[in-house]
Amino acid sequence: MKKKHTLIIALLLLLSIILIALVLFFSREETRTYSFEVGKPWLHPRLVANFQFDIELDDATRKHITDSVNQNFSKIYTLDRKKGEQQIALLSRALSGHAGSQTLLSAVAKLYSDGIVDNDAANDIRTGKQLRFLVGNNQLQVMDATNMRTVRQAYAWLADSLQANAAIQEALKTVDIRDFLVPNMMVNKEENDKWLNEDLRNALRSPGTVQAGEAIINMHDIVTPQKAAAIESYQNEIIHRNNQRNVDETLNLLGQILIVATLMLAFYFFMKLLRNKVFKNLRRMVFLISFITIFVIAVFLLVKFKYSLLYVIPFGLVPIIVSSFFDDHTSFFVHIVTVLICSLIASSHQAEFIIMQFLAGIIAIVSIKELTKRTQLVECAAFIFLAYCITYVAMTLITEGDFSRIDKHYLGYFLANCVILSFAVFVIPIVEKAFGFTSSMTLMELADINNPLLRKLSTNCPGTFQHSLQVANLAGEAALKIGANLQLVRAGALYHDIGKIKNPAFFTENQIGENPHDHLVRPEDSAKIVIGHVANGLKMAEEAKLPKVIKDLITQHHGKGITRYFYFKAKEAHPDEEVDKAPFSYPGPNPQTKEAAILMMADACEAATKSLSDHSEEAISAMVNKIIDNQVSDGLLRETPISFKDVETIKQMFIERLRTAYHVRVSYPSDVKPATADEEPAAGATPPPYSAHKDDKT
C-alpha cells in the first residue's frame, strides 16, 4: 500500500513537471511580439533589454538613406593610359607619315591626356558631380573635368581646332579618326562597388546601442520613431537569436524540465523527509502538487492575455490557503517553489518579481497565523500592498535612478492585487469542499455554542456541556503551549461527548439524585452504555456532517482505554476469576495527533478534578500526574507525535489552570454580609479574613 501511494505521488509529480515545463517553454519571452504605434503610448509593461544590441533603422529610413547615398555618390573612375597609347600607335601606322600627321597625333594625344569619357561620366559631369580616381595606395583623388570630353565632343574639337590646317585635313581623308577615339576614362566597377558599399555602411550605421539591463521603453511612454526603432531592433535580434538556436529547441525544453524538476523534487523530498505525515496522506499531496501546477498555469494564461496582469495576480493566496490547512513551514516552502517557477514566466522582471512575492509570502504567513476573522485578510492585504509599493519604488530607483520613472499605474495593479487577496475567505471553502480539508475559520464556526448540535447538548446534557466547555479551555491552553492546533482542539473538545445526548442520565455530571447504573445488574452493561457514547457521538457527527478531523477526535479521545470504575467493580464481583477487559475497553483508536492526545488528557483530568474533595495544589498535582502517567504507561499516547517534554509542559499547565479554577474561596462569617461593589462596608464592621496569598482571592 505504501509503495502504491509513493508511486501515485511520483507519477503525479512527473506529470506536473512535464506540464509546467511545457507551459514555461511556450511562455518564453523570446516568442512574444509587441504591437504598438508611433506617436501613441506604450501599453505594455516596461521593456528591459536582456542583452546588448544595436538599434537598427526601420525599412523606410533605410530606403531613404540608401537612395540618397546612391544619388549623391561620386563614382570611382580609372584613367587607362595604355588604351590612349595603343590608339595613338594605331593611328600613327594608319597615317603612314602623311603630311600633318604629327600635328594630328599630338592633338589626339592631348585628347587622351585630358580624358575621353563614356556617357555615364558625361552625365555626372553635366550634373556637377565630382569624378574621383583611385591613385596610389587605395587613395581617392578628385580630378578636374573641365577638359574631359566624350568621343563625339573629342571629334568635334579636332574638327574645329584643326580645320584651318590643310595638311591635317588631307591626312584625315586617309583615316576615319572616329575609329581611333575611344573612352579611356571608365568606371572602376570593383572599386566603385567597394566604396559605395562602404558609404552605405557608414550611412546606415546604428544610431545607438542598448546595453543589457537598460530600459528600452517604460509603460505609457509615447513611442517616438527612435524608440520604435529600438523596439523593432530588439524583436529582430530575438528572432535572429532564435533562428540561430532552432536546432536546440529540444535541449531548450530539456532545460525547462530540469529546472522545474529540481524545484519540484526539492518540494517532494521536503514533504517526504520533514512532513512525512502529510506525505503519507495522498489527498493532501495531490492538493499541494495540483495547487502549484494550477497556479503556474493560471499565471501563464493571464500573462499571455496581458502581461501587466502579472502584478494583479495575488500570490499571497498561496501561503494563506496552504497555511489554512497545513503548517507554516509547508506553506512557506510551497510558496517559494511556486514563486520561483512563476519567475521563469516573468523573465523580464525576475529580481523585482521574486523580491515582491517573497515579501508577500512572509507577510501573509506572519500576519495570518490562524485565519479566524475577515479583518485579518484586510490587514494582511494592506501590508502586502505597502511591501509591493516599496519594492517597486526601490527597484525603479536602482535601475532608473529617477523618481519621475515611477509609473503610477503599477500602484493600481498592486491595489487590485490586494483587493482580490482580501476575498480569499471565499476561496478557502471551495478548497475545503473539493479536498475535504478543514480550515481554522470552519473550526471557529463549529465552536460557536449557538450551533444546533451544541445547543442540543447544553439543553439535554447541561453537565456534559459545562464539562466540554472546561475541557475546551483547558485543551486550548495546552495546544498553545506545545504548538498544536488551538482551533481544532477547542472545537473537538466541544463535540467530543455529544454521544452522551442519547443517554444523558447515565453520566455522573448530568445526574440529579438517582443513579440509573444502580438498577443495572452487571458492570458490563454499565460499561457498554458509557462506552457507547463514542459510537453514538460518531453517528451524530456524521448526521451533522462534521469534518473528519472532529470525528477523529470523538473516536480517539478515550483511545483504547478502559472504564476503570466498572472494570474494578467487575473484579470485585468476581474476585477469583480473570475478568476480560474487552467489554470494558473503548474501541479506539488511540490518539494519532497532538490534538487528540491533549483532548484525552484534558478530558480525564478535568472530570477527575471535579470528584476531588480536596482541591489543594498538592491534591490536584498528584491527580494530574497520576492520570497522565497511567495513560502513558498504558500505551495510549504511543501512536501520537508528542514528546515527553510536551507531556510535562501539559501537566504543569493543567495543574496551574485547574488549581486556579478550583481554588478555595473566601469564607465569610455567618453574621457578616460582604459588601457589594455598590455599597460601602458598615461603620465598625469587621472585614472578612483574607488569605495573604494573592491567588486565593476571589
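You'll find the structure just up there.
In this text the structure is predicted, and so the values were computed from the model without any measurement.

(A) Representation of the overall build of the chain within the structure. In terms of regular secondary structure, the chain is built from 28 helices and 8 strands. Buried positions account for 43% of the 698 residues belonging to the chain. For the chain, the share of sequence-separated contacts (at least 6 apart) that also reach a separation of at least 24 residues comes to 77%.

(B) Structural view of the nonpolar core. By size, the foremost hydrophobic cluster in this structure holds 73 residues, and its most contacted members are M264, F267, L288, V299, I341 and I384. Contacts of F267, omitting those with residues within four sequence positions, involve M285, L288, I289, I292, F333, V334 and V337. Among the nonpolar cores identified, the runner-up in size contains 54 residues, and A447, L454, L494 and A596 belong to it.

(C) Broad picture of a nonpolar patch on the surface. There is a patch of nonpolar side chains on the surface, built from I355, F358, L359, I362 and V366 and spanning about 390 Å² of accessible area. What makes L359 partly exposed here is its relative accessible area of 32%.

(D) Summary view of unusual backbone geometry. For the bond from G588 to P589, the omega torsion is 10°, close enough to zero to count as cis. You can see P589 is positioned in the loop between helix 25 (564–573) and helix 26 (594–611). The phi dihedral of K545 is positive, around 60°, even though this residue is not glycine. Secondary-structure assignment places K545 in the loop between helix 23 (523–543) and helix 24 (548–556). Its relative accessible area of 75% is what places K545 among the exposed residues.

(E) Here's a closer look at the packing of helix 13 (residues 317–325) against helix 18 (residues 427–435). Across the interface, helix 13 lies against helix 18 with an axial gap of 11 Å and an inter-helix angle of 50°. The angle between helix 13 and helix 18 falls in the class oblique. Judged by the sense of rotation from one axis to the other, the crossing of helix 13 with helix 18 is right-handed. The residues of helix 18 that touch helix 13, namely those facing I321, S324 and F325, are V427, I428, V431 and E432.

(F) Spatial organisation of the state of the cysteines. Summed over the entire model, instances satisfying the criterion amount to 0 disulfides. You can see C418 has no disulfide; the closest cysteine sulfur is in C389, sitting 7.8 Å from it. Under the relative-accessibility criterion, C418 is labelled buried at 5%.

(G) The arrangement of the pattern of salt bridges in detail. A complete count under the given rule lists 20 salt bridges for this structure. Ionic pairing is found between K40 and E37, a salt bridge with its closest N-O pair at 3.6 Å. As a salt-bridge pair, R275 and D327 come within 3.0 Å of each other at their nearest N and O atoms. In this pair, R275 sits in the loop between helix 10 (249–274) and helix 11 (276–279) while D327 sits in the loop between helix 13 and helix 14 (328–343), placing the two residues 52 residues apart along the sequence. D327 sits in the partly exposed class, given a relative accessible area of 27%. Salt bridges here are not isolated pairs; linked through shared partners, they connect K110, D114 and R149.

Rules used throughout
Residues numbered from 1 in each chain as written. Predicted model: local features only at pLDDT ≥ 70, side-chain atom pairs only at ≥ 80, totals over all residues. Heavy atoms only, no water. Helix = DSSP H or I, 4+ residues; strand = E, 2+ residues; numbered from the N terminus. Buried < 20%, exposed > 50% of the residue type's maximum accessible area, 1.4 Å probe, protein only. Contact = heavy atoms within 4.5 Å. Core = buried A, V, L, I, M, F, W, Y, C linked by side-chain atoms within 4.5 Å. Patch = residues over 30% accessible without salt bridge, like charges linked within 9 Å, V, L, I, M, F, W, Y side chains within 5 Å. Areas by Shrake-Rupley, 256 points an atom, 1.4 Å probe, with all protein chains shown as cover. Salt bridge = Lys/Arg side-chain N within 4 Å of Asp/Glu carboxyl O. Axes fitted to C-alpha atoms, helices over the stretch in contact; angles between N-to-C directions. Parallel < 35°, antiparallel > 145°, perpendicular 65-115°, else oblique. Left-handed = near helix turned anticlockwise from the far one by under 90°. Disulfide = S-S within 2.5 Å.

Geometric descriptors of this kind do not, in isolation, establish any biological role.
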